[in-house]
Amino acid sequence: MPESATLPAEKKPGFGATERTDNWWVAPLLSGLGFGAFVVYCILRAVHNKYYHAPSPTYGPLLSPLYSPLIILKGLPAWFSPAFFILWIPAGLRATCYYYRKAYYRSYFAHPTACAVGEPWKGYDGETKFPFVLQNLHRYFIYGGAVILLFLWYDVFKALRWHGSWGVSVGTLVLFANTLFLSFYTFSCHSFRHIFGGCVDCFSKACAGDLRHKVWKGISRLNEHHMFWAWCSLTTVGLADFYVWMVGSHVIRDYRIF
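Rules used in this analysis
- Residues numbered from 1 in each chain as written.
- Predicted model: local features only at pLDDT ≥ 70, side-chain atom pairs only at ≥ 80, totals over all residues.
- Heavy atoms only, no water.
- Axes fitted to C-alpha atoms, helices over the stretch in contact; angles between N-to-C directions.
- Helix = DSSP H or I, 4+ residues; strand = E, 2+ residues; numbered from the N terminus.
- Parallel < 35°, antiparallel > 145°, perpendicular 65-115°, else oblique.
- Left-handed = near helix turned anticlockwise from the far one by under 90°.
- Contact = heavy atoms within 4.5 Å.
- Nonpolar A, V, L, I, M, F, W, Y, C, P; charged D, E, K, R; others polar.
- Expected span 1.5 Å × (residues − 1).
- Buried < 20%, exposed > 50% of the residue type's maximum accessible area, 1.4 Å probe, protein only.
- Arc of directions from axis to C-beta.
- Polar contact = N/O pair within 3.5 Å; in protein donor to acceptor, adjacent residues only side chain to side chain.
- Phe/Tyr/Trp six-rings, centres within 6.5 Å; stacked < 30°, edge-to-face > 60°.
- Lys NZ or Arg CZ within 6 Å of the ring centre and 35° of its normal.

### Comments concerning the packing of helix α5 (residues 138-158) against helix α6 (residues 170-187)
- Contact geometry of α5 with α6 gives a least axis separation of 10 Å together with a crossing angle of 160°. In terms of orientation, α5 and α6 fall into the roughly antiparallel class. Here α5 runs over α6; the crossing is left-handed. Across from Ile142, Leu149, Leu152, Trp153, Asp155 and Val156 in α5, the residues of α6 making contact are Thr172, Leu175, Phe176, Thr179, Leu180, Leu182, Ser183, Thr186 and Phe187.
- Along the lines of polarity and charge, the residues of the contact of α5 with α6 split into 10 nonpolar, four polar and one charged.

Structure follows, in structure tokens:
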């Protein structure tokens with residue numbers, strides 16, 4: 001080929017251009033609607049700032065997961081919600097989560113739109129520029145999420161106490177199910193997996209290598225279903241808060257099972 005000859009520029013396909021015949025847009029649409037609905041609900045509940053705690057002489061105390069741990073400081077205006085103190089931690093954890101990045105990049109930014117589907121943007125900078133470089137904070141949010149999880153398990157324990165005796169209500173099971181799914185979501189995280197094995201070249205030569213390898217393998221098995229745990233825990237958080245709201249506002253009664 002002569003030196004003066006140039007190759008024709010590659011034509012970038014238009015937005016949504018694809019040869020796929022399946023309904024590729026359904027998954028990003030549902031993901032966007034589901035995640036967006038949850039975010040709106042959490043904001044409204046935090047601003048609502050009511051019925052997040054359901055004390056009663058007939059059942060154990062129930063606390064909404066959106067307000068746990070409950071931090072109430074004197075001198076703050078009445079409209080200031082205790083949820084503002086802690087919601088930024090689980091919000092940051094999910095917003096920077098590897099799975100949720102995939103979900104909202106496709107749903108909201110169309111970058112990428114889907115596999116083998118044209119997008120409206122030119123070039124690719126990855127997560128090297130602001131604000132996407134902040135995604136690297138995920139490895140730190142995982143520690144905050146683990147601390148919040150400890151408080152949520154403590155809330156389950158408190159819901160088992162019935163004025164000096166033990167008991168279980170529907171609310172106890174709701175909080176337990178939510179905290180269990182949140183635990184699966186947190187401990188199946190890629191960053192949590194990295195803590196035990198990401199910086200190890202050879203487990204047999206690492207400190208406590210045998211134990212770390214077993215934990216790493218266990219987390220890896222959980223990680224295979226990280227998307228499932230992510231959506232399950234998102235759903236149970238909303239349902240648990242809604243249940244406490246309904247009980248606290250006396251719309252429904254929390255029945256004791258035993």
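Let's pick the thread back up.
### Structural notes on α6
- Over its 18 residues, α6 runs 26 Å from end to end, which matches the ideal 26 Å to within 8%, given 1.5 Å per residue.
- Gly171, Thr172, Leu175, Asn178, Thr179, Leu182, Ser183, Tyr185 and Thr186 are the residues of α6 that are buried. Within α6, the buried residues cover an arc of 165° as seen down the axis, which keeps them to one side.
- Taking the backbone nitrogen of glycine 171 as reference, a side-chain oxygen 3.2 Å away marks serine 169 as the first, capping residue of α6.

### So, the packing of aromatic side chains
- Following the criterion strictly, the structure yields 24 aromatic pairs and no others.
- Centroid distance tyrosine 104 to phenylalanine 109: 6.1 Å. Interplanar angle 85°. Geometry classified as edge-to-face.
- Classification of phenylalanine 109 as partly exposed rests on a relative accessible area of 33%.
- Of the aromatic side chains, those joined through ring pairs into one cluster are Phe35, Tyr99, Tyr100, Tyr104, Tyr105, Phe109, Phe132, Tyr185 and Trp231.
- Here the guanidinium or amino end of arginine 94 rests over the ring plane of tyrosine 185, the centre of that ring lying 4.4 Å away.
- For arginine 161, the ring lying beneath its charged end belongs to tryptophan 166, and the centroid distance is 4.4 Å.

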